[in-house]
Amino acid sequence: MKILAPINSISDVEPVIKAGATELFCGIIPKTWNDKYGSTVSPNRREWASANITAYEQLNDIVELAHKLNGQIFLTLNALYVDEQKDLLDDIIKNAVKCKVDAFIVADIGLIYKLKSMNLKQEIHISTGGTTFNSHTAKFYENLDIQRITFPRHVQPEQMKAIVSETKNIKYEVFILNSGCKNVDGYCTFLHGMKEQKNGYIWKFLKKANFDRLVLRILHSLPQDISNKINFSCSGVDSPCLMKYDFNILPKNNTIKTDILSKNLKSFFSLMSGVDPCGACRIKEFNDIGIHSLKIVGRNYSKNKKVKDVLFIGDIIKKLGDNLNDDDFKRYIKKQYKYYYGLNCQKLCYYPYEN
Amino acid sequence: MKIEKAVFINKIDDLPISLAYDRVYYGHEFCEYLLPSENEFKHILDFVIANNLPFTFVTPTISNDKINLLDKLTDTAAEKAAVLNKFEIVVNDFGVLRLISQKNIQSTVIAAGRLMTKQKRDPRIKYISALSESAKNYYMSFSLDSEASSDFIKDFNIQRFELDNVAQGIIRQSKTPASLYTPFCYISTTKLCYLAQADKKERYLRQKCGCFMECQNYDVYMKNDKMKTDLYLKGNTIFYRNDVLPQNLQNTYIDRIVITENILK
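For clarity, every value in this text was computed on a predicted model and none was experimentally measured.

Looking only at helices and strands, chain B features 6 helices and 12 strands. In chain B, which comprises 265 residues, the share counted as buried stands at 63%. Restricting to contacts in chain B with at least 6 residues of sequence separation, those with at least 24 account for 67%. Accessible area of chain B: about 9,900 Å², with a carbon and sulfur share of 48%. Computing the positive centroid from 35 side-chain charges and the negative centroid from 32, chain B places the two 3 Å apart.

Below is the structure:
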């Protein structure tokens, strides 16, 4: 299995490849796009400037360096596009082809048709936004000669197995670390990144200074029954999935108690509910299923965090060769988690086992 | 142009309501566990045939776990397609689209559902002052309506779009006829149901929990002033309410209003 890692600058490329990633992905918001739309209408599904590069020269340098180090670069173009954006989108595609990126990660069916009609050397990879929840959808994409599918975060390993076995010509990748959106990415229409659009440089500075990582680090070090209660209402968080809500629960039957439901709903919208889950305990199953790549997300995270993530997942892939039993394998994963992150396993699982 | 008035129901007990409308929508978009049994579906088909009521079957986003049931339901509908009045199927999943296209059901209109038309629906859009004109236009448009999507629309013979009555308004790029759902606009949905067993035990959201139809037991209202309007949580999906219809229905090729009041009851 390969590791697909996020980058947002050329300085990430060498350390991340040296740590063990052979596939990298990035996004671009060119100045022409930003001038017309701002970053909220991003050409990829990361609205923050700190998650994106901004110039084709940067993209060209990134691809050149990655290729020199035997890595590949995939460009995320997984937003949804309208007619008015045609020229700007064509410009991104033309320049990305010129830079020799290795694949486009896409979700828009119109863009998929367009790329197919262009007969490019670049592969077409279906983003999580392509919502592949069943075998028929995988075959739908297979008929369009798609080379790779990213499983949505909500597909369980046992469901993946059936889908993978029913298609012959597609490679699959799964999310393994970070950014555990609770809603289905491809069906979620909430806006993100509005604070950055409104408050500009202050927010960009906080993102670049890894403010959000610091907050998460503090949250991770708290006991879970406390961290689960923390919401950010007055801070920079403008993602509706992490806001503090007042819930008014109206049961259809007055005898029903709503205490537990109320507590659960609050924790579902806490900061801890969507951030940095880990799917490492399932790597053995992913290997058996035939998953091609493990995708680490977090383009805007620090270089240090990206390298640690790749090293952690790389260690576990290497350990597959030792044929440990399940208990010993999971013990090893927890030991490595502690080693790299200085924390005990948080039990924030991407794909928790049914209990 | 006459605007057709349809009602969307998802409970068999609500069938009589549909007699006051020009068309009935039946089904679920967001949850496969709410699909009717084969017998229930036969009962629904018998009702609309007996009343010669134009009928739209709404299909959900679906996993392999339930696609065989949906396959059987669409076969049942296909058997009766000749006697169903102006039969339509709303599709919300590329896999379901493939499945239904292969069946080649006669005299049936395929419509792209709300999960395929993918309008931006965040209720705050209307209020963001920092947006450029181009960004505003973007949020009023949707990608499936674009020229780039037209070959896909032709390949799968999609003849209608299902749209939400989004607060920021709608700009059209194609002339494909569209239905407008009101008053509830869906904003986001998950396969990690917010309510499944959440009234029984403290649970971790990503934990897969069996469904006991908890969504039928609770109405949940969510309030945060930043969202500008109240949100409604129904099972695995978050909605907001917008009762104000656009002035320019004909200019936006909307020829049908779909009342969604009943799907949140």
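Our focus in this paragraph is the overall build of chain A. For chain A, the count of helices and strands is 14 helices and 9 strands. Principal-axis analysis of the C-alpha atoms gives chain A an extent of 60 × 50 × 40 Å. Taking all 355 residues of chain A together, 61% fall into the buried category. Each charge class in chain A was averaged separately, 50 positive and 38 negative side chains, and the resulting centres sit 4 Å apart.

In this section: the sheet that holds strand β4 (residues 103-106) of chain A. All names here are of chain A. Spatially, β1-β2-β3-β4-β5-β6-β7-β9 is the arrangement adopted by the 8 strands of the closed barrel, whose pairing is parallel. Averaged over all pairs of adjacent strands, the angle between strand axes in this sheet comes to 30 degrees, irrespective of strand direction. Strands β1 (2-6), β7 (171-177) and β9 (293-296) of the sheet are contacted by helix α13 (residues 303-319), whose axis makes an angle of about 170 degrees with β1.

With an omega of 5 degrees, the peptide bond between Thr-182 of chain B and Pro-183 of chain B qualifies as cis. Inspection of the secondary structure assignment puts Pro-183 of chain B in the loop between β7 (178-182) and β8 (184-189). Positioned with a positive phi, Lys-100 of chain A is a non-glycine residue whose angle comes to about 65 degrees. Along the polypeptide, Lys-100 of chain A turns up in the loop between α4 (86-99) and β4. Judged by its relative accessible area of 57%, Lys-100 of chain A falls in the exposed class.

This part is about the sheet that holds strand β1 (residues 4-9) of chain B. Note on sheets: strands pair through backbone hydrogen bonds, and any given pair is parallel or antiparallel. Residues and elements named next belong to chain B. In space, the 8 strands of this closed barrel follow the order β1-β2-β3-β4-β5-β6-β7-β12, with parallel pairing throughout. Strand-to-strand, the axes of this sheet are offset by a mean angle of 25 degrees, without reference to chain direction. Where β1 meets strand β12 (residues 254-259), 4 bridges bridge the pair, whose relative direction is parallel. The residue of β12 that forms the bridge with Lys-5 is Ile-257. Contacting β4 (88-91), β5 (109-112) and β6 (158-164), helix α3 (residues 94-103) crosses the sheet at an angle of about 150 degrees to β4.

What follows covers the side chain of Ser-127 of chain A. Considering the arrangement of structural elements, one finds Ser-127 of chain A in the loop between β5 (123-126) and α6 (135-143). From its side chain, Ser-127 of chain A meets the backbone nitrogen of Gly-129 of chain A in a polar contact 2.8 Å long.

This brings us to the environment of Ala-66 of chain A. Relative to the assigned elements, Ala-66 of chain A resides in helix α3 (residues 56-68). Filtering out sequence-adjacent residues up to four positions away, Ala-66 of chain A remains in contact with Val-13, Ile-17, Gly-71 and Ile-73 of chain A.

Another point: the packing of aromatic side chains. Per the counting criterion, the structure on display carries 38 aromatic pairs over all chains. Judged by centre distance (4.8 Å) and plane angle (10 degrees), the rings of Phe-140 of chain A and Phe-94 of chain B are stacked. With Phe-140 of chain A in helix α6 and Phe-94 of chain B in helix α3, the pair connects residues from two separate chains. Classification of Phe-140 of chain A by relative accessible area gives buried; the value is 2%. Take Phe-94 of chain B: its relative accessible area is 9%, and that puts it in the buried class. Ring centres of Phe-312 of chain A and Tyr-340 of chain A lie 6.4 Å apart, and the angle between their planes is 65 degrees; this geometry places the pair in the edge-to-face category. One end of the pair, Phe-312 of chain A, is in helix α13; the other, Tyr-340 of chain A, is in helix α14 (residues 326-341), and 28 residues separate them in sequence. Look at Phe-312 of chain A and you get buried, because its relative accessible area is 0%. An aromatic cluster of at least three residues, connected via ring pairs, comprises Tyr-113, Phe-140 and Tyr-141 of chain A together with Phe-94, Phe-152 and Phe-156 of chain B. Over the ring of Phe-175 of chain A we find Arg-153 of chain A, and its NZ or CZ is 4.0 Å from the ring centre.

A surface patch of negative charge is lined by Asp-83 of chain A together with Glu-147, Asp-151 and Asp-155 of chain B. Looking at the secondary structure, you find Glu-147 of chain B in the loop between α5 (133-140) and α6 (150-155).

We now examine the pairing of β5 of chain B. All names here are of chain B. Note: β4 against β5, 4 bridges, orientation parallel. Its bridge partner lying in β5, Val-91 is registered against Ala-112. Note on the crossover from β4 through α3 to β5: the handedness is right-handed. Relative to β6, β5 runs parallel, the two being bridged by 3 bridges. Across the sheet, the residue bridging to Ala-111 is Arg-160, located in β6.

The next point concerns the interface of chain A and chain B. Listed as interface residues are 84 residues of chain A and, on the opposing side, 78 residues of chain B. When chain A packs against chain B, close to 7,100 Å² is buried across both sides, 57% of that on carbon and sulfur atoms. Of all residues in chain A, the largest losses of buried area upon contact with chain B belong to His-136, Tyr-187 and Thr-189 of chain A, amounting jointly to 10% of the total for that side. Across the chain A-chain B interface, the total number found is 2 salt bridges. Between Lys-263 of chain A and Glu-202 of chain B there is a salt bridge, and its shortest N-O distance comes to 2.8 Å. On inspection of chain A and its partner chain B, the count reaches 43 residue pairs in polar contact (both at pLDDT 80 or more). Elements with a minimum of two residues in the side of chain A that touches chain B: α2 (31-37), α5 (109-118), α6, α7 (157-165), α8 (194-208), β8 (246-251) and α11 (259-268) of chain A. For the side of chain A that touches chain B, the per-class residue count stands at 40 nonpolar, 26 polar and 18 charged.

Rules used throughout
- Residues numbered from 1 in each chain as written.
- Chains lettered and ligands numbered in written order.
- Predicted model: local features only at pLDDT ≥ 70, side-chain atom pairs only at ≥ 80, totals over all residues.
- Heavy atoms only, no water.
- Helix = DSSP H or I, 4+ residues; strand = E, 2+ residues; numbered from the N terminus.
- Buried < 20%, exposed > 50% of the residue type's maximum accessible area, 1.4 Å probe, protein only.
- Contact = heavy atoms within 4.5 Å.
- Areas by Shrake-Rupley, 256 points an atom, 1.4 Å probe, with all protein chains shown as cover.
- Lys, Arg positive; Asp, Glu negative; His and termini not counted.
- Charge placed at Lys NZ, Arg CZ, Asp CG, Glu CD.
- Pairing = 2+ DSSP bridges.
- Axes fitted to C-alpha atoms, helices over the stretch in contact; angles between N-to-C directions.
- Polar contact = N/O pair within 3.5 Å; in protein donor to acceptor, adjacent residues only side chain to side chain.
- Phe/Tyr/Trp six-rings, centres within 6.5 Å; stacked < 30°, edge-to-face > 60°.
- Lys NZ or Arg CZ within 6 Å of the ring centre and 35° of its normal.
- Patch = residues over 30% accessible without salt bridge, like charges linked within 9 Å, V, L, I, M, F, W, Y side chains within 5 Å.
- Salt bridge = Lys/Arg side-chain N within 4 Å of Asp/Glu carboxyl O.
- Right-handed = clockwise from strand over helix to strand, strands pointing away.
- Buried area = accessible area lost by both parts, 1.4 Å probe.
- Nonpolar A, V, L, I, M, F, W, Y, C, P; charged D, E, K, R; others polar.

It is worth stressing that arrangement in space is one thing and function is another; only the former is reported here.
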